[in-house]
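# Structural description and commentary
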Amino acid sequence: MATRIGTGFSSLSDPVEAFKAAAIEAKTVLNTIQTDVVFAFTTAGYITPPGIAALQRILQPERLIGSTTTGIIVNDRVETRGVGLLAIVSDELHFGGASLEKINLLTAREAGYGFAKALLNNHKSNQRNACLYFYDGVRYNGSAFHSGIHDGLGLALPIAGGVGIDSPKTLKTQFFYQTHILENAATGLLVGGAGIAAVTSRHSWQPLGKPRIIDSVQGNIIKTIDKKPAMDLYKDYFQDAGLEITNTLDDIRLLYPLGIGTNKPREYLIRNAIDILDDGSIVCQGDVPTESKVHLMITNKDACHQSTSEAAHELREKMMGKIPKVIFIFESLIRRKVMGRSATQNLQVIREMFGHHVPIFGMYTIGETASLRTPASSAATQLSNGSITLLAIG
Amino acid sequence: MTGSAYPVTQFDLTPFLVGSSLLLVVGISALAYILIGKSEEYKDLKASFDKIMRSFNELDEQAKLIVKTDLELNKAQEELDRRLTGLNSLQKLARTMSMTMDEQEIFQKINKDVATDMGFSRMIVLTCDPQMDFTLRVNIGTEPAKTQKALAELMQDPQFLAALKNGTTFSSLSSSQQTRTRIIELFETEHFILSPLMTQRGVAGILFVGNRYSAPAITEGDQELIAILASQLAQSLENSQLFEQVYRSSQMLETKVNERTKELSQVLKDVEDISKKKTEFISAVSHELRTPLTSIKGYASILMTGKVGDIPDAVKERLGKINSHSDNLVKLINDLLDISRIESGRVEMKVAPQNIKLLLENTADLLTPQLKDKGVTIKLNVPADMPLIEYDPTQVDRVFINLISNAIKFTPAGGSITINAAPNLGLGESTFEVADTGIGIKKEDLARIFDEFFRVDNDINMKVKGTGLGLALAKNIVEAHFGRMWVTSEVGHGTTFHFTLPFTHKTPEDKKLKIGDA
């Protein structure tokens, strides 16, 4: 019974050469002809059919899933250009991969449910330890999609996912599943077999200024705050400072998300103002409860590092002493922006806690979903912005 | 209330009314009191609420300040990160550029990744010759034809021309309105930096970077960074050009050296062939001469004995001269044959460890009559601990005889000859000197003193006959023993011949090989 995991990265300009180099690096660790599953995260412009063909030729994966992103995490590296791969060969873990296209034609919950069913169909084992997925959800209701997955897979399963994008300007995401390049889709993997899995999530945001009341909401669209168009909240803070609030996803809305008050004191659900409608409504990636308190939120790099440390501690506790075989990270691209060059220090915290031999693989996202309702925790399923989600498979 | 079916009880309501009134008054008073109290409480609450609202609003105002400061900090950090990434990229590029001397390879290193890391979507490098003919080397983010067209128009821009002349970097921050507008239109960039590539011979090209309209504006730091990159690039280009020049010169030099070496080798071979032929010729002629000469000398000796009949005194005297000249001729021929044998490596050396002191004493004894005749003294300085030296005693004896005879010949009466021997343990050899207090040798003759048949033009040589082979033979013998011979002299003060002999000889194989080369 063994699981071998290899990672590879290349920033060569030529996509085919980059896929080749990363695949060869991963293969040198595995020392096998075929692989069970390969995760691939690439920055914009790298997903090409010849590149995927090169990867398939070298690693011969039974399942290949991946997504574009603004940044790739491979062990102790944070890379903003290139191809990152994680390949697994295991006789103790079972995998079931799936993809779902044209998700915008369904309601988010239906899409999530359909995707979960597709995963189950392709997963031949009864044991299910964890699920991870990537979806095109910048303007999509991620909470509902995530709930749909839970409808299909049950509430106790640790699930982690993220929305990787090419850049905050284009808001485009490409995926690949096996040899196909997909858009407006979701792709993911169900992991089963021996061992356990755990997921944790943290954000580092603190409220800023006076609380306001969200008095009109429609799903993930905040209509009014304090009886005024929701967008006026940003105008109050930033137009006085001479900054223009545009319709594009600019730094202001990324760096200062909304913090929605929850039942627990000092706990906030973080939502980015992904889009602004003509009537001044704010579109978020996840549901927003009505009559909630709302704050503008702020963070800094120390708080980011602290939240990573807390998430890693909790993950270790949830793993109950078992050393993870691999740790997946879905971290907000806003946090990377805040941390700047110290983003790699963030990884050191995790590596020092779990050991430098544990492979770490992840991507920067603009929406992280983490299922926190596990036997060890009663916390709710969440979609969050500006957070870090860790998924350990041990 | 008359006519009622029911009896009516008469009550006095006055006390009730009074009581009720009192109660009402008290109640109203109490209510008024409570109301006043509540009103006060409301006022207090309202004041508190207003205070809290004011605090919230103040908090909000502070939050606005925090946001503004935070935004500035974020921008500063982003700029710093961008600068650090750019510097890192620049350092990597500079290192890779400095490691290559191939101009083409230098340009290949400047790729899209480098441009992106430095924060630019466009990067153009053009090189130029002294006539300002530009060649496009790197063209990232635009089409070559557009760049060429833009350059042609830019050649009319005064600020661009001034920058080329003065080697100054300018950007969308520092350029004139006219130039900025022109460059923005020509290169379709909103932000740009243009830096000339300056080498020692002047401008060698330009580096242009830029970003499209949606990118963040460039800063002065960017301008400095690009100026550094341009400087590094120019330096690398200059180095590669110098390397190319040196490489080509070295190749030409190598070709010339090879050709010359070939020519010299041929000449040397020719000389060796000629020398060999000369040696063979001398050897053959000497042999051919010696046989009849021996015969002549033999017949002359027989005639002189009178066995074939009496001969007159005058004839005897002539026969004596024939005999004497024949002896000289035989000596000359023998010397020639010896030189020829040594040069051709055909001489058989009988090398064995020898005591040089004994050899010198014997040689001095042998030459004592000549020394006495001339009135010249001889002094031997041989250290007592002189080690044994491996040599052929017959040959080395000839060296000393030749050198001492020469010294006697050129040293006037009353002069002296000193023979010094000194071991040099470090070099594994002994040095010998035969010094006289004779007439000395002129500087111009010193270079030819060891040439065969060379005789210094002086009075003594005019009077005393000689072959001019003695020193050549001595030098050949020393060299056949792997030693060296040289001479120092001062006209009017004397001459010293120096030579060395190794303590031990090479193997016989080496010796045989070397004798011919010596």
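Note that the structure is a prediction, hence the values are computed from the model and not measured.

### Things to note about the sheet that holds strand β24 (residues 368-370) of chain A
All names here are of chain A. Taken in spatial order, the six strands line up as β7-β12-β8-β9-β24-β27 in an open sheet, and their pairing is mixed. Where the open sheet ends on each side, the last strands, each with one partner, are β7 (93-101) and β27 (382-384). Across this sheet, the average inter-strand angle for adjacent strands is 15°, counted without regard to direction. Against the sheet, helix α3 (residues 108-122) contacts β7, β8 (130-135) and β12 (185-193), and its axis sits at roughly 140° relative to β7.

### Side note on the interface of chain B and chain A
With 18 residues of chain B at the interface, the matching set in chain A holds 15 residues. Elements with a contribution of two residues or more to the side of chain B that touches chain A: α1 (14-98) and α3 (112-117) of chain B. Looking at the side of chain B that touches chain A residue by residue, the class counts come to six nonpolar, five polar and seven charged.

### Concerning helix α13 (residues 470-480) of chain B
Residue and element names in this part refer to chain B. Within α13, nine of the 11 residues are buried, which leaves the element mostly enclosed by the surrounding structure. When α13 is considered as a whole, its buried residues turn out to be Leu471, Ala472, Leu473, Ala474, Lys475, Asn476, Ile477, Val478 and Ala480. Within two residues after α13, Phe482 carries a phi angle of roughly 65°, on the positive side.

### Points about unusual backbone geometry
Even without glycine at this site, Asn75(A) takes up a positive phi of about 55°. Considering the arrangement of structural elements, one finds Asn75(A) in the loop between β4 (72-74) and β5 (77-79).

### A few points about the sheet that holds strand β10 (residues 175-177) of chain A
All names here are of chain A. The six strands are arranged β1-β6-β2-β3-β10-β11 in an open sheet whose pairing can be described as mixed. Each of the sheet's edge strands pairs with one partner strand only, and the pair in question is β1 (3-10) and β11 (180-182). Here the strands of the sheet are splayed against their neighbours by 15° on average, with no regard to which way each runs. Sheet topology places β1 next to strand β6 (residues 83-90); eight bridges connect them, and they run antiparallel. Residue pairing for β6: Gly6 is matched across the bridge by Ala87. The sheet strands contacting helix α1 (residues 15-30) are β1, β2 (35-42) and β6, and the helix crosses β1 at an angle near 150°. Across the sheet, helix α2 (residues 49-59) is in contact with β2, β3 (61-68), β6, β10 and β11; its angle to β2 comes to roughly 150°.

Cut-offs and rules
Residues numbered from 1 in each chain as written. Chains lettered and ligands numbered in written order. Predicted model: local features only at pLDDT ≥ 70, side-chain atom pairs only at ≥ 80, totals over all residues. Pairing = 2+ DSSP bridges. Helix = DSSP H or I, 4+ residues; strand = E, 2+ residues; numbered from the N terminus. Axes fitted to C-alpha atoms, helices over the stretch in contact; angles between N-to-C directions. Contact = placed C-beta atoms within 7 Å. Nonpolar A, V, L, I, M, F, W, Y, C, P; charged D, E, K, R; others polar. Buried ≥ 20, exposed ≤ 12 C-beta atoms within 10 Å, placed from the backbone.

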